[in-house]
There are 4 protein chains.
Amino acid sequence: MEKYNLMNDYSEGCHHSILELLAETNDNQQDGYGEDIYSQQAKKLIKKEIKNPKAEIYFVTGGTQANLIVISAMLKPHESVISAETGHINIHEAGAIEATGHKINPIYNNDGKVKTQDIQNILDEHITVPHMVKPKMVYISNSTEIGTVYKKNELEKLSEFCKKNNLYLFLDGARLGSALASTENDLTLADVSKLTDVFYIGGTKNGALLGEAIVINNKKLQEDFPFQLKQKGALMSKGRLLGVQFMALFSNNLFFDLAKHANFMAKQISDAIKQKGYSFLIESPSNQIFPIFPNILISKLDEKFGFYIWKKIDAENSAVRIVTSWATNQKIVNEFISCIEL
Amino acid sequence: MEKYNLMNDYSEGCHHSILELLAETNDNQQDGYGEDIYSQQAKKLIKKEIKNPKAEIYFVTGGTQANLIVISAMLKPHESVISAETGHINIHEAGAIEATGHKINPIYNNDGKVKTQDIQNILDEHITVPHMVKPKMVYISNSTEIGTVYKKNELEKLSEFCKKNNLYLFLDGARLGSALASTENDLTLADVSKLTDVFYIGGTKNGALLGEAIVINNKKLQEDFPFQLKQKGALMSKGRLLGVQFMALFSNNLFFDLAKHANFMAKQISDAIKQKGYSFLIESPSNQIFPIFPNILISKLDEKFGFYIWKKIDAENSAVRIVTSWATNQKIVNEFISCIEL
Amino acid sequence: MEKYNLMNDYSEGCHHSILELLAETNDNQQDGYGEDIYSQQAKKLIKKEIKNPKAEIYFVTGGTQANLIVISAMLKPHESVISAETGHINIHEAGAIEATGHKINPIYNNDGKVKTQDIQNILDEHITVPHMVKPKMVYISNSTEIGTVYKKNELEKLSEFCKKNNLYLFLDGARLGSALASTENDLTLADVSKLTDVFYIGGTKNGALLGEAIVINNKKLQEDFPFQLKQKGALMSKGRLLGVQFMALFSNNLFFDLAKHANFMAKQISDAIKQKGYSFLIESPSNQIFPIFPNILISKLDEKFGFYIWKKIDAENSAVRIVTSWATNQKIVNEFISCIEL
Amino acid sequence: MEKYNLMNDYSEGCHHSILELLAETNDNQQDGYGEDIYSQQAKKLIKKEIKNPKAEIYFVTGGTQANLIVISAMLKPHESVISAETGHINIHEAGAIEATGHKINPIYNNDGKVKTQDIQNILDEHITVPHMVKPKMVYISNSTEIGTVYKKNELEKLSEFCKKNNLYLFLDGARLGSALASTENDLTLADVSKLTDVFYIGGTKNGALLGEAIVINNKKLQEDFPFQLKQKGALMSKGRLLGVQFMALFSNNLFFDLAKHANFMAKQISDAIKQKGYSFLIESPSNQIFPIFPNILISKLDEKFGFYIWKKIDAENSAVRIVTSWATNQKIVNEFISCIEL
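Just so we're clear, the structure is a prediction, and the values are computed from it rather than from any experiment.

Thresholds applied
Residues numbered from 1 in each chain as written. Chains lettered and ligands numbered in written order. Predicted model: local features only at pLDDT ≥ 70, side-chain atom pairs only at ≥ 80, totals over all residues. Helix = DSSP H or I, 4+ residues; strand = E, 2+ residues; numbered from the N terminus. Rg over C-alpha atoms; globule rule 2.2 N^0.38 Å. Least-squares fit on C-alpha atoms with pLDDT ≥ 70 in both. Contact = placed C-beta atoms within 7 Å. Domains from an automatic or database assignment. Pairing = 2+ DSSP bridges. Axes fitted to C-alpha atoms, helices over the stretch in contact; angles between N-to-C directions. Nonpolar A, V, L, I, M, F, W, Y, C, P; charged D, E, K, R; others polar. Buried ≥ 20, exposed ≤ 12 C-beta atoms within 10 Å, placed from the backbone. Parallel < 35°, antiparallel > 145°, perpendicular 65-115°, else oblique. Left-handed = near helix turned anticlockwise from the far one by under 90°.

Draft legend 1. Molecular detail of the overall build of chain A. Along the backbone of chain A there are 15 helices and 13 strands. Computed over the C-alpha atoms, the radius of gyration of chain A is 20 Å, within 12% of the 20 Å expected from 2.2 N^0.38 for a compact globule of 342 residues. A principal-axis box enclosing the C-alpha atoms of chain A has dimensions of 60 × 60 × 35 Å.

As structure tokens, this is what we get:
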């Protein structure tokens, strides 16, 4: 691979401290299925961070797996989940949610974020009982699939609205690190835990080899959850692999430092692009940015860097997606910035 | 953990050469979702071993995941899968197969192995079309859940019978290493590939951190398989983690050497038990053995070793399950043997 | 059709009084989806009979439909249903229950009835949490698929056991009329309602064109049930068709009279068979009987009557199944009896 | 019920000739599960009408049931179905399709009809294999849920496009009678059969008590279909009830005459509305019309007639839905017309 890849945040393996802890703990005999001491320790560290000792935490291998298990565990057969049309569950999971039997009610908008009015509209459209599904859960992502982030007051409004309307609020945190490390962010992990029924903390895209930590805040939803993990093929016999990684991520502030690094790399590129007079498809203060470039500049950049062409704007310009990560290095960023010249 | 654990073959992390290869390859940027060069290389190594260049190979994170994806991908809604009653899919997957919509037709027997007559009986019982499910797949495990292994002529008979009756033959190889390394074994990986429609090679219980390699031999079953992986949450963004491990396992004969070690450890214990005059619940020439001990001996062994009490035999005797692994060391085996004394 | 059919209880259309009520009400405009006055009236009549004004009642078109909707509505993804191996849901519904995602735990026995000890055994086998399904419902049929019936004290024991073990008790009443009209019976419809969480009253096999009345006694299970009907294709736009029929069945004791007639026809045949010295596969005091005849007698009977050969007994004898119904006439019964001679 | 109901086409029972044939055939013993001679005869009559002797025909009890069985029988787990957003499967079946595991890809448009460009757009959006579902079927309704009908050249284009793109074409004919009897129509039942892979002919909304006839034209899709009926609770033990009704509908041109009557009633109302200067939400040449009336006129009409307020247009006007049927009588139509005056 000769080009430097800015296509996603999972091009490299994992942060070296994770590898080290894996090596260090490797030979210790442990119980299987998440009963190992590393998983227990990781859960303790996370509970401290979310300030919610009564939460239940489970580690799974990836985001689609987390989404399909949480949603199918919580909904009854006739219940549906509301999501932004751009939501990962709606377009990029090969029908994983529907495969468990549930309809997704899409919300069309521009910034990837769900607003209370959007939810109200869906509820208003679903009054012909029992001929339509019953919306019962709201799914949001933070940061969203297009890099935008929720402000604390936005999440508070959603949380209050969901409680009032007897809806579960589920936050997909595959890129929660980047959201919380955003310059725009005013949320803590404890806020997220307090304001949602269930959410997960993404490890895979923030320095781990694999792993998402599902946090169930709502007591009612905690019952029998391990059965769901097993049934959907998510209960790892060597659960230690996930436990060790989250132990590392939630020690020494690593989780937040890695996210901050990713965002800072994106911010430098973003600032340089602005300075050079280019605009963006959307303002995204996280590790994904969507500048609009002339096609000839895109061709030039394409010689040295890997990235996705996101959307054709007009005959001569396109939006591209650039993703930085915990592993993106400063030298590459400098080089990329220096190439943004026709 | 003070006792030495002989409860299962997933108490430790992974073989050191896997950890080393993970570290060595960690910083290389790779494409996601199994398109990395390590996964490609691992597939090449496996194809060479199975002598089937037209097979398609996919890596997933665990056995239950492999089982539910393979079965749901291959069966139509009204089709069922035949399995030994003791089969992993039938009793130890929390209804994973049924959750994808399919019935399991159980076969009751004593040795965990499926015979053609058992299948014929199931077929004979299912003639009331369309009121009953249509059996369409035979699921077998090698080694079985109780440690027994298939001989080549047994697998050949099953294969021939399935072809003649238009049934798919699917072999769960979570412990295939141990089966092939058994003193009783006369099968090669190439035989297994030739005689089944689909099977998988277990990494998790034979030295990897996690990972099973699904091998699809039947061309008809290969179509669109990656969609199934994605839909069931099994497509890892860092597929490299699985690729690297299978690259290590299928280099330098590691996969077979680790299995041979596990079996050899079990054999020594087994031989000693026989010598001391104790019998077994079943003859199992792999890494799981089921001796019948007096309860007072069990209590004594229990002070130093972890193992499962499998079945009460009579008021004074019980069968226990002892499992060795790639990581079981000789010193422990010696110690265990020396403790088999009242 | 030259032979007289004693193969089942659905060979004719419906009782004439049902046809008459359909004709009489045909031109009245009514609301759709079960909101018609006939359905309301039928529910009232049934509630009076079951002495449970708080029950909720829904009409569906058939038994398999009733079973799959009730079970899928009540169970969470990891929960299973316990059934006799001979249970309709286990063998004669083409995997309908599994298609909604749930495992059936079969009980092997001789008389088609579930006993508390059988259930306890299943519970005892399912303690490896979360690796196995969680049994949560007990499914029984009355009369059973082999014609046996439950006594009041048997149903009381089951009911008590289920309550104590936090299991739902669901009674399939496709042939409930015949059970309650049995000479062995000491249950009333009100008893059945009091002792189960949910059950249904079969119309199709007791004089209706089609229709089963699902009675939900357990308040917790009543919530949102109409969504399940709609989702599974069971909500008839002309629900009046079902309402009118149950209105007729539960007027003038028709439901019970029809069942009594069917049983009486079977009883006469049964008594004659005994008198002539033949035995039975099982004692079944309802409208299905299973005499064991010499094959040469079977051949002779087969010239004039349709029935199933149920099971080979030995080289010279087989058990056959003879089913009578609300429509079986006395002349035919006499003729059949006179033919039981070699 | 004092008001005359123009809310839907299932307010009455069935056409008297159906009731008569039910009575006439009632006492004949017949085989169950659709093997009766009436079902066989009805299939013959339909095959003659569709000019397709190789089609396979199955009768089911309703539209949602037909939709969910056809779609789940034909699609593999990762395949999706394209539908107008207004399609019955998308909004009015309580998630029936998703409950069988499949995603619906909605098309947003104004007239309820699917066009090839809409399908092409969906295909273009689904190129990220295997992260997205694979669209494999196109679902259309004729007449549509808002009363519009397909012209022959429109259906030909759809059919050709689907063949070229390896998509199944499935036509929901719950109101196919009304479509084919429309003044705008230039399709025959034989055309519909020739141009689709599968479709169904609605009986429930065109004079039957219940019943839809599923016609499978594509040979590949015929295999094992009865299992799907059984599994989803659609195989009636007294299949004769459906057979008899379709026998009546397809004798003496009844099916077409009833639809023609319904349309003619709607046409008279529609013409009168136009003449009085009111406009329509959409031009719908079938038995459903959507005039826009002043709210005060709506209040006046509401005193004597039942109908739905469909959509608010502005502060003073709303669109209403008026549905006529095979049973709507001329006197009521005259009265309704005379009431369209402020």
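Draft legend 2. Fine view of the relation of the copies chain D and chain A. Mapping chain D onto chain A calls for a screw motion: a turn of 180 degrees about the axis and a shift of 0.0 Å along it, with 0.0 Å RMSD after fitting. As the rotation angle and translation indicate, the two copies are arranged about a two-fold axis. Here 100% of the contact residues of chain D are again contact residues in chain A; the copies associate through an equivalent surface.

Draft legend 3. Broad picture of the relation of the copies chain A and chain B. The transformation that overlays chain A on chain B combines an axial shift of 0.0 Å with a rotation of 180 degrees, and the residual RMSD is 0.0 Å. Comparing interface residues between copies, 100% of those in chain A also sit at the interface in chain B, which points to an isologous, same-surface contact.

Draft legend 4. Structural detail: the domain arrangement of chain A. Residues and elements named next belong to chain A. Each assigned domain of chain A is listed with its residue range as follows: domain 1 (4–10 + 254–339) and domain 2 (16–249). Taken together, the 19 residues of domain 1 in the interface contact 22 residues of domain 2. No other element matches helix H13 (residues 254–275), which puts 8 residues into the side of domain 1 that touches domain 2.

Draft legend 5. Broad picture of the sheet that holds strand E4 (residues 104–107) of chain A. All names here are of chain A. The strand order across the open sheet formed by 7 strands is E2-E8-E7-E6-E5-E3-E4, and the pairing between neighbours is mixed. A strand with exactly one partner marks an edge of an open sheet, and here the two such strands are strand E2 (56–60) and E4. The mean inter-strand angle of the sheet, taken between neighbouring strand axes irrespective of direction, is 25 degrees. Examined bridge by bridge, strand E5 (residues 134–141) and strand E6 (residues 168–172) share 5 bridges and lie parallel to one another. Opposite Met137, over in E6, you have Tyr168 as the bridge partner. The strands touched by helix H7 (residues 152–164) are E5 and E6; relative to E6, the strand with the most contacts, the crossing angle is about 145 degrees.

Draft legend 6. Main features of the sheet that holds strand E3 (residues 79–84) of chain C. Residues and elements named next belong to chain C. Ordered in space as E2-E8-E7-E6-E5-E3-E4, the 7 strands form an open sheet in which the pairing is mixed. Looking at which strands have only one partner, the edges of the open sheet turn out to be strand E2 (56–60) and strand E4 (104–107). The sheet shows a mean angle of 25 degrees between the axes of neighbouring strands, taken without regard to direction. Running over the sheet, helix H7 (residues 152–164) touches strand E5 (134–141) and strand E6 (168–172) and is turned about 145 degrees from E6.

Draft legend 7. Representation of the interface of chain D and chain A in the model. Facing the 16 residues of chain D at the interface are 16 residues of chain A. Among the residues forming the side of chain D that touches chain A, the class breakdown is 7 nonpolar, 7 polar and 2 charged.

Draft legend 8. Layout of unusual backbone geometry. Cis rather than trans, the peptide bond between B:Asn142 and B:Ser143 has omega equal to -10 degrees. Residue position: B:Ser143 is located in the loop between strand E5 (134–141) and helix H7 (152–164). Unlike most non-glycine residues, A:Asn166 shows phi in positive territory, near 60 degrees. Tracing the chain through its elements places A:Asn166 in the loop between H7 and E6. Residue class for A:Asn166 comes out exposed when judged on the 7 C-beta atoms lying within 10 Å of it.

Draft legend 9. Just the environment of A:Ala266, in detail. Residue and element names in this part refer to chain A. Looking at the element boundaries, Ala266 is found in helix H13. When the C-alpha atoms of Ala266 and Trp326 are compared, they prove to be 11 Å apart, with 60 residues separating the residues in sequence. If we skip the residues at most four places from it in the chain, Ala266 touches Asn287, Ile289 and Thr324.

Draft legend 10. How the structure looks around the environment of B:Asn218. All names here are of chain B. Tracing the backbone through its elements, the reader meets Asn218 in the loop between strand E8 (212–216) and helix H10 (225–231). The exposure class of Asn218 is partly exposed, given the 15 C-beta atoms found within 10 Å. It is 28 Å that separates the C-alpha atoms of Asn218 and Tyr108, two residues lying 110 residues apart in sequence. In contact with Asn218, other than residues within four places in its own chain, are Asp197 and Val198.

Draft legend 11. Broad picture of the interface of chain A and chain B. In this complex, chain A contributes 40 residues to the contact, which on the side of chain B involves 40 residues. Residue assignment for the side of chain A that touches chain B shows that the elements contributing at least two residues are helix H1 (16–25), helix H3 (63–74), helix H5 (96–99), helix H11 (225–231) and helix H12 (240–249) of chain A. Looking at side-chain class alone, the side of chain A that touches chain B contains 15 nonpolar, 18 polar and 7 charged residues.

Draft legend 12. Broad picture of the pairing of strand E12 (residues 308–312) of chain C. All names here are of chain C. Bridge analysis of E12 against strand E13 (residues 317–323) gives 4 bridges, and the strand direction is antiparallel. Bridged to Ile309 within E13 is Val320. Counted between consecutive antiparallel strands, the loop separating E12 from E13 contains 4 residues.

Draft legend 13. Structural context of the packing of H13(A) against helix H15 (residues 330–339) of chain A. Residues and elements named next belong to chain A. At a minimum axis separation of 10 Å, H13 and H15 run at an interaxial angle of 15 degrees. Between H13 and H15, the angle falls in the class roughly parallel. When the axes of H13 and H15 are compared, the crossing they make is right-handed. Counted together, Met265, Gln268, Ile269 and Ala272 of H13 and Val333, Phe336 and Ile337 of H15 form the full contact between these two elements. Counted by class, the contact of H13 with H15 contains 6 nonpolar, 1 polar and no charged residues.

Draft legend 14. Broad picture of helix H11 (residues 240–249) of chain C. Residues and elements named next belong to chain C. Counting buried positions along H11 yields 10 of 10 residues, so the element is predominantly enclosed. Every buried residue belonging to H11 is among Arg240, Leu241, Leu242, Gly243, Val244, Gln245, Phe246, Met247, Ala248 and Leu249, and all of these are buried. Buried residues belonging to H11 abut helix H1 (16–25), helix H2 (37–50), E2, strand E8 (212–216) and helix H12 (254–275).

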